[in-house]
Amino acid sequence: MPTDTKRVRGPELSQNPGLFACKPAGVVHATHGPRADGRQRDQVDVRPVFVRCGLVSQAKGSAYIEAGNTKLMCCVYGPRETERKDETDMKCGRLTTDMRFAPFSCPERGSWIQGSQDKDFSLMLHESLQPALCLHKYPRSQIEVNVMVLENSGSVLAHAVTCASLALADAGIEMYDLVLGCSIRQDGASYVVDPSYVEENSCSSVSGENQGGLTVAFLPSLNQISGLQSDGEMAEETLTAGVRTCIEGCYKLYPVIQQALAKAVRRAAPPPSES
Amino acid sequence: MAAVQVSEAEKVYILHGIRDDLRVDGRGCEDYRHMEIETDVVSNTDGSAKVTLGHTAVLVGIKAEIGKPRPMVPDEGYLEFFVDCSANATPEFEGRGGEELGTELSNTLYKVFNNKHSVDLKSLCISTGEHCWVLYVDVLLLQCDGNLYDAISVAIKAALFNTKIPRVHISADDEGGKEIELSDDPYDCMRLNVENVPCIVTLCKVGHRHVVDATLQEKACSVASLIISVTHKGMVTCTRKVGGGSLDPESIFEMTEAGKRVGKALHAPLMKLLQQEESLGKKHQKVGFLG
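What counts, and at which threshold
Residues numbered from 1 in each chain as written. Chains lettered and ligands numbered in written order. Predicted model: local features only at pLDDT ≥ 70, side-chain atom pairs only at ≥ 80, totals over all residues. Heavy atoms only, no water. UniProt positions renumbered as here; feature names shortened; annotations may be inferred. Helix = DSSP H or I, 4+ residues; strand = E, 2+ residues; numbered from the N terminus. Buried < 20%, exposed > 50% of the residue type's maximum accessible area, 1.4 Å probe, protein only. Contact = heavy atoms within 4.5 Å. Areas by Shrake-Rupley, 256 points an atom, 1.4 Å probe, with all protein chains shown as cover. Buried area = accessible area lost by both parts, 1.4 Å probe. Salt bridge = Lys/Arg side-chain N within 4 Å of Asp/Glu carboxyl O. Polar contact = N/O pair within 3.5 Å; in protein donor to acceptor, adjacent residues only side chain to side chain. Pairing = 2+ DSSP bridges. Axes fitted to C-alpha atoms, helices over the stretch in contact; angles between N-to-C directions. 1 Å grid on protein atoms, 1.4 Å probe; cavity = no way out; pocket = protein on both sides within 12 Å on 5 of 7 lines; lining within 4 Å. Points joined across faces, edges and corners; volume = space filled by probe spheres on them. Nonpolar A, V, L, I, M, F, W, Y, C, P; charged D, E, K, R; others polar.

Chain B carries the name Exosome component 7 in an unreviewed UniProt entry, which gives Larimichthys crocea as its organism. UniProt, in its Sequence similarities (unreviewed entry) section for chain B, records the words "Belongs to the RNase PH family."

Identification of chain A as Exosome complex component MTR3 from Larimichthys crocea is taken from an unreviewed UniProt entry. According to the UniProt record, the Function (unreviewed entry) comment for chain A reads "Non-catalytic component of the RNA exosome complex which has 3'->5' exoribonuclease activity and participates in a multitude of cellular RNA processing and degradation events."

Put into structure tokens, the structure is as follows:
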């Protein structure tokens, strides 16, 4: 277990006080009750999203996304020269992704050292973004994408994909299309789109079949899926229906992201005045 | 994964063959290579299995240890996975080279088993909140010739079937604390029910069709693959798209359906084989590592 020598840590055996909270009866989510934030079940009801590009002045491109209470920011550096030059780099560029959670982002305190879950998210982000980039136009270069999750309130990977592709577009990296992410959580016979943290981690009291989460990364103009990840236990038909729902969710998000990008470009390079 | 260099002409050859449902070694698109499974190969473990799928060889050892249950679920035990890509497999894995692949494989295994039904975790509890069985599943890659996920999942299922967890007896000692006693009889043990343990099927998209159990050459011709883990009832516990390309939604639907079909069909013969091997008991000839 790697130790963090840079910080004065609390005692090794510290525990989250939430473990000792007595759970009030009936807190377990009724699978057919309304959602806590007023959105609908079984409908493609994504949280309204706030996006802004160009926040970090040092980075080539950056983006910030807020969906409900989930807040993340992404910075893109590059194209830069690669340090290692092996044969593959001669033909096309290399994409490096890194996704980190701030220790205060989740209800349980995380650590600064990258756990295996963070590495997993970074890998999935990489797989989702790679098909969209024209890496063959950047030989011998490296493009770095760093996502930092400031607050985790559910469907973090989906929003990270959206934020990263927006940051890449803001950086002027050539892409085939924007990549949008959407996730759902299946609970028995009903599903919720864009789940919040509580909805994602609640285990329904009925040890039901058909429980799980699904995240899809989608390229809307090309109608291609660049990333797919699911866990839990679901029937194959539910999985297929879930993928279709996520694609619909991505289409809903597309105009908002396009508008934010257009606004950022207009701000950076205002069109010539008519006079 | 260890990559092979494939020329353009070879790629075209493989692509055209797969288009006509004929692969380089004569299999159909949904056929597996010759698979050999042997359990109880390592005597120091509580359960072990070795699977050879074509030229891919995987060895799984399971050790059961007594530990403290997780704070959120005090009445369940848990499994810990670790995949080691040994330098025997390819020289690329020397030192820390295989670490990335190893973490990717173990993260996927955590996701595959992250549900209530695969392994009955409540049976691994010894005393609520204090002691539970922790099963350390250690996977060792001996040879790498494509399709690691499938071989690893079959090996884990076989090793879990073979696992014999000793029975423990909790007694209260003088000061009111709990004392754990291991049963004296070495054959008095608990077995796990592996009916619901899923198997992973990897489908590679080559051209417009998909293939199951791709060799390294076929993998070099594909841009993306889908990993799907299926239980014997046809429930999907984990899916993941790997690779640097993108897939059409229609292909994904086709591949999940094919994966479910192939995965479901894998379980019955596997259980039969495992039970047959078990019933031979002392009589079965150990093939070991040189067979």
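A. Fine view of the overall build of chain A. Check the secondary structure of chain A and you find five helices and nine strands. When the 275 residues of chain A are sorted by exposure, 50% land in the buried category. Long-range pairs, those at least 24 residues apart, make up 69% of the contacts in chain A between residues at least 6 apart in sequence. Entry remark: accessible area of chain A is about 13900 Å², with carbon and sulfur atoms responsible for 55%.

B. Focus on the interface of chain A and chain B. Taken together, the contacts link 36 residues of chain A with 32 residues of chain B. Note on chain A versus chain B: buried area summed over both sides is about 3100 Å², and carbon and sulfur give 53% of it. Among the residues of chain A in contact with chain B, A:Leu228, A:Glu233 and A:Glu236 are the three that bury the most area, contributing 20% of the side total. Across the pair B:Lys260 and A:Glu236 runs a salt bridge, and its minimum N-O distance is 3.9 Å. Taken together, chain A and chain B are joined by 12 residue pairs in polar contact (both at pLDDT 80 or more). Counting only elements with at least two residues in the side of chain A that touches chain B, the list comes to helix H2 (116–129), strand S8 (211–219), strand S9 (224–235) and helix H5 (236–268) of chain A.

C. Seen up close, the sheet that holds strand S1 (residues 49–53) of chain A. All names here are of chain A. Here we have five strands laid out as an open sheet, ordered S1-S2-S3-S5-S4, and mixed in their pairing. Edge positions in the open sheet fall to S1 and strand S4 (94–101), since each of these has one partner strand only. Neighbour to neighbour, the strand axes of the sheet diverge by 15 degrees on average, direction disregarded. Direction of pairing for strand S3 (residues 70–81) relative to strand S5 (residues 141–151): antiparallel, over a ladder of nine bridges. Its bridge partner lying in S5, Tyr-77 is registered against Glu-144. Contacts between H2 and the sheet are confined to S4 and S5, with S4 contributing the most and set at about 140 degrees to the helix.

D. Structural detail: empty space enclosed by the protein. Overall, the coordinates contain four cavities of 30 Å³ or more when judged by the stated rule. Empty space within the largest cavity amounts to approximately 80 Å³. If you go around the largest cavity, the residues you meet are A:Met124, A:Glu127, A:Ser128, A:Leu157, A:Val161, A:Thr215, A:Val216, A:Ala217, A:Gly227, A:Leu228, A:Gln229 and B:Lys241. Secondary structure elements with two or more residues in the lining of the largest cavity: H2, helix H3 (156–170), S8 and S9 of chain A. The class makeup of the residues in the lining of the largest cavity is six nonpolar, four polar and two charged. Of the pockets and cavities examined, the second largest cavity occupies roughly 60 Å³.

E. Expanded view of the UniProt feature "domain: Exoribonuclease phosphorolytic" (unreviewed entry) in chain B. Under the local residue numbering, the UniProt record ascribes the feature "domain: Exoribonuclease phosphorolytic" (unreviewed entry) to residues 32–166 and 196–261 of chain B. Helix makes up 27% of residues 196–261 of chain B and strand 41%, with an end-to-end C-alpha separation of 16 Å.

F. Local environment of the layout of surface pockets. Residues and elements named next belong to chain B. Empty space within the second largest pocket amounts to approximately 700 Å³. As for the second largest pocket, its lining consists of 28 residues, and the residues nearest its centre are Asp-40, Asn-162, Lys-164, Tyr-187 and Lys-282. When residues of the lining of the second largest pocket are traced back to their parent elements, those giving at least two are strand S2 (47–53), helix H3 (148–162), strand S7 (164–166) and helix H5 (249–280). The residue inventory of the lining of the second largest pocket, partitioned by class, reads 10 nonpolar, nine polar and nine charged.

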